[in-house]
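# Results of the structural survey
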Amino acid sequence: MLDVLLTPVALLGRATLSVCRSTGQLTLFLIEGLSHLLRPPFYVRLFWQSFVEFAYFSLPVVALTAVFTGMVLALQASTGLSRFNAESAIANLVVLSMTRELGPVLTAVMVAGRVGAAMAAQIGTMRVTDQIDALTTLSTNPMKYLVTPRLLAGAIAVPLLVVVADILGVFGGYLVAILKLGFSSQVYLKNTYDFMTRLDVVSGLVKAVVFGVLISLLGCYNGYRSKGGAEGVGAATTSAVVASCVLIFFFDYILTEAFFTR
Amino acid sequence: MSPPVAAKPTPKIRVSNLCKAFGDKKVLDGVDLDIMPGTSMVVIGGSGSGKSVLLKCILGLIEPDSGVIEIDGVDVLRASSAEADAIRSSIGMLFQNGALFDSLPVWENVAFGLLAQRKISRKDARGKAPEFLTPVGLAASVGELFPAELSGGMQKRVGLARAVAAKPDMLFFDEPTTGLDPIMGAVIDGLIVDCVQSLGSTALAITHDMASAARIGTNAAMLYQGKIVWEGAADQLLHSGNELVDQFTHGRREGPIQMELRK
Ligand SMILES: Nc1ncnc2c1ncn2[C@@H]1O[C@H](COP(=O)(O)OP(=O)(O)OP(=O)(O)O)[C@@H](O)[C@H]1O
Ligand SMILES: [Mg+2]
């Protein structure tokens, strides 16, 4: 009888402990990864490879997502705002939502699914086939070789992608506004320009840096600690994507709170 | 085991009372092993007896629970990590499954240690690859392939080329001939002996293959239930007089070693 009551409590306790433990381990992993940024040797080629993987190969998905999101925003805004005869605010709403929220968050989620998963799978495979141990025996620090370049690539590439996503999202909204809702091109662009604030864009880019680091961090961390063959690598990949998505939304809230509530 | 003679030189590698458990499973339970400079030690033992774990402990890839590991007289478990790294960087290792970097072409795999130690440039490394590949019987053209394009035996040979490329002072081999045909096995053994002799290195090899053990080793030891149960000259393996070794080397089903269900 008491068991039935205590089991949920025990579960909750255990879950809390495991969250605390993972947070601590992740933080230590991040600190170790970042600490190699300043100490040679620097693996410029590896940074470049993973930067290209992040930025260049993610462009198509990110671009398509952003255009459609901008289009949907304009369309939804027009149906919603027409009730208040406030259609003129469409441009305002599109640019504000894209730069503050949707540009960074959608980009990060797409990139987490694409790059974070691949990262966890690659590093996980290296772990279970002893390649990470082999690095150590060949005078190479695996954290420096595998993790640091990816953290840096994430922190630089994701903001660049977000700039593209912001522009294309606004462009998507513009398309719908001009072609479907009958706005004049000049008025729409002027509204967009007038309503765009530096804080919106900057906050979005700061979010992007954090999200980029999170994606690399979780991809590397889960891959690095995977064990038990192909199954373990699969599990690492899944948890890399799930955890980075959850943390992206979590930090999105924290950062929004930090930037916009005073 | 004979008691130590007074004026013995310091062993290249000395392992004493090494213990390592995973969970409640004791894998190493007080291993003592001395390897003298310039000798080749072969460790035999059943599958799952902890041979790979022993090697990884010496390499610093697994942290043992207790015990002492001395390399060239330095206690690597208690030395500063920079010092331990420096000592361990003079160990070349051939992993059980090759552990080639599958994102890098063969030439870069082979030259990896030299590149990491800045002993050659990338441009030279590519040109020099045949120099490392020919001794292990691989054509220069193999240098441009990726590990996934090689057969298992070729991967082993590339792994061997990579392990010896930086001319290490100590060489570790984890089952160098498992999964190879007998002729290729003999060829690899020959390569190992050549490498060890030409480099003057100290070697530690793990094997299940008695023919291979006899070819590679000058000394041999058997690991059983977490301890070294026998140590002697490699050519004594087949007539050691030790029941455990006898059963193992002759592959008999009856004897003191019973097939255990592995947890
Ligand atoms: N990282 C690890 N975590 C948990 N258990 C491990 C780990 N590595 C090894 N073991 C366990 O330690 C035991 C010894 O493993 P080890 O790989 O050393 O065997 P081995 O003697 O090399 O066998 P084989 O000849 O089959 O390669 C095994 O039972 C294995 O399950
Ligand atoms: Mg093994």
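Up top you'll find the structure we're talking about.
This text gives an overview of the structure that appears in the document. Note that the structure is predicted; figures quoted are calculated from it, not measured.

### Some thoughts on the packing of helix α4 (residues 90–128) of chain A against helix α6 (residues 142–179) of chain A
Geometrically, a packed helix pair is captured by the angle between its two axes and the distance between the axes. All names here are of chain A. Between α4 and α6, the least distance of the axes is 8 Å, while the angle of their chain directions is 145 degrees. Here the hand of the crossing between α4 and α6 comes out right-handed. On α6, the residues that touch Val94, Val95, Met98, Thr99, Gly103, Pro104, Thr107, Val111, Met119, Gln122, Ile123 and Met126 of α4 are Leu146, Arg150, Val158, Leu161, Val162, Ala165, Asp166, Gly169, Val170 and Gly173. Partitioning the contact of α4 with α6 into residue classes produces 14 nonpolar, 6 polar and 2 charged.

### Some remarks on the site of ligand 1
Residue and element names in this part refer to chain B. What surrounds ligand 1 is a group of 14 residues, the closest being Ser47, Gly48, Lys51, Ser52 and Glu175. Glycine 48 places a polar main-chain atom, nitrogen or oxygen, 2.8 Å from an oxygen atom of ligand 1. In this structure, an oxygen atom belonging to ligand 1 sits 3.2 Å away from a main-chain N or O atom of serine 49. Summarising the interface, the protein chains cover 65% of the accessible area of ligand 1, which totals 630 Å² for the free molecule. Mapped by element, the contributors of at least two residues to the shell around ligand 1 are β2 (25–35) and α1 (51–59). Counting residues per element, the shell around ligand 1 draws most heavily on α1, which supplies 3 residues. Looking at the shell around ligand 1 residue by residue, the classes come out as 3 nonpolar, 8 polar and 3 charged.

### As for the pattern of salt bridges
Side chains that differ in charge, positive against negative, can pair when their charged atoms come close. For the coordinates displayed, the defined rule picks out 19 salt bridges over all chains. The salt bridge involving aspartate 133 of chain A is made with lysine 56 of chain B; its shortest N-O contact spans 3.9 Å. Residue aspartate 133 of chain A is located in helix α5 (residues 131–137), and its partner lysine 56 of chain B is located in helix α1; the two belong to separate chains. Take aspartate 133 of chain A: its relative accessible area is 12%, and that puts it in the buried class.

### Here's the deal with the sheet that holds strand β8 (residues 202–206) of chain B
Residue and element names in this part refer to chain B. As summarised here, the arrangement of the 6 strands in space is β6-β7-β8-β3-β9-β10, forming an open sheet in which the pairing is mixed. Among the strands making up the open sheet, the edge pair consists of β6 (91–94) and β10 (227–233). Strand-to-strand twist of the sheet, defined as the mean angle between neighbouring strand axes without regard to direction, takes the value 15 degrees. The pairing of strand β3 (residues 40–44) with β8 spans 4 bridges and is parallel. Following the sheet pairing, methionine 41 is matched in β8 by leucine 204. Of the strands in this sheet, β3, β6, β7 (170–174), β8 and β9 (219–224) are in contact with α1, which crosses β7 at around 155 degrees. Together, β3, β7 and β8 form the strand contacts of helix α7 (residues 182–199), whose direction differs from that of β7 by roughly 165 degrees.

### Quick word on the coordination of the magnesium ion (ligand 2)
Residues and elements named next belong to chain B. For the magnesium ion (ligand 2), every protein donor is listed as Ser52 (OG) and Gln96 (OE1), and the spread of their distances is 1.9 to 2.4 Å. One end of the pair, serine 52, is in helix α1; the other, glutamine 96, is in the loop between β6 and α3 (106–110), and 44 residues separate them in sequence. Residue glutamine 96 is classed as partly exposed on the basis of its relative accessible area of 35%.

### A look at the interface of chain A and chain B
At the interface, 17 residues of chain A touch 22 residues of chain B. When chain A packs against chain B, the two sides together hide about 1600 Å² of surface, and 56% of this comes from carbon and sulfur. Contact with chain B buries surface across chain A, with Gln131, Thr137 and Leu138 of chain A losing the most and accounting together for 35% of the total. Taken together, the connections running from chain A to chain B amount to 3 salt bridges. Between chain A and chain B we count 4 residue pairs in polar contact (both at pLDDT 80 or more) in total. Contributing elements (two or more residues each) for the side of chain A that touches chain B: α4 and α5 of chain A. The biggest single contributor to the side of chain A that touches chain B is α5 of chain A, with 6 residues. Here the residues of the side of chain A that touches chain B are counted per class, giving 6 nonpolar, 8 polar and 3 charged.

Cut-off values and rules
- Residues numbered from 1 in each chain as written.
- Chains lettered and ligands numbered in written order.
- Predicted model: local features only at pLDDT ≥ 70, side-chain atom pairs only at ≥ 80, totals over all residues.
- Heavy atoms only, no water.
- Axes fitted to C-alpha atoms, helices over the stretch in contact; angles between N-to-C directions.
- Helix = DSSP H or I, 4+ residues; strand = E, 2+ residues; numbered from the N terminus.
- Left-handed = near helix turned anticlockwise from the far one by under 90°.
- Contact = heavy atoms within 4.5 Å.
- Nonpolar A, V, L, I, M, F, W, Y, C, P; charged D, E, K, R; others polar.
- Near = heavy atom within 4 Å.
- Polar contact = N/O pair within 3.5 Å; in protein donor to acceptor, adjacent residues only side chain to side chain.
- Areas by Shrake-Rupley, 256 points an atom, 1.4 Å probe, with all protein chains shown as cover.
- Salt bridge = Lys/Arg side-chain N within 4 Å of Asp/Glu carboxyl O.
- Buried < 20%, exposed > 50% of the residue type's maximum accessible area, 1.4 Å probe, protein only.
- Pairing = 2+ DSSP bridges.
- Donors = N, O, S within 2.8 Å, 3.2 Å for Na, K, Ca; no water.
- Buried area = accessible area lost by both parts, 1.4 Å probe.

In short, shape yes, function no, at least from these values alone.
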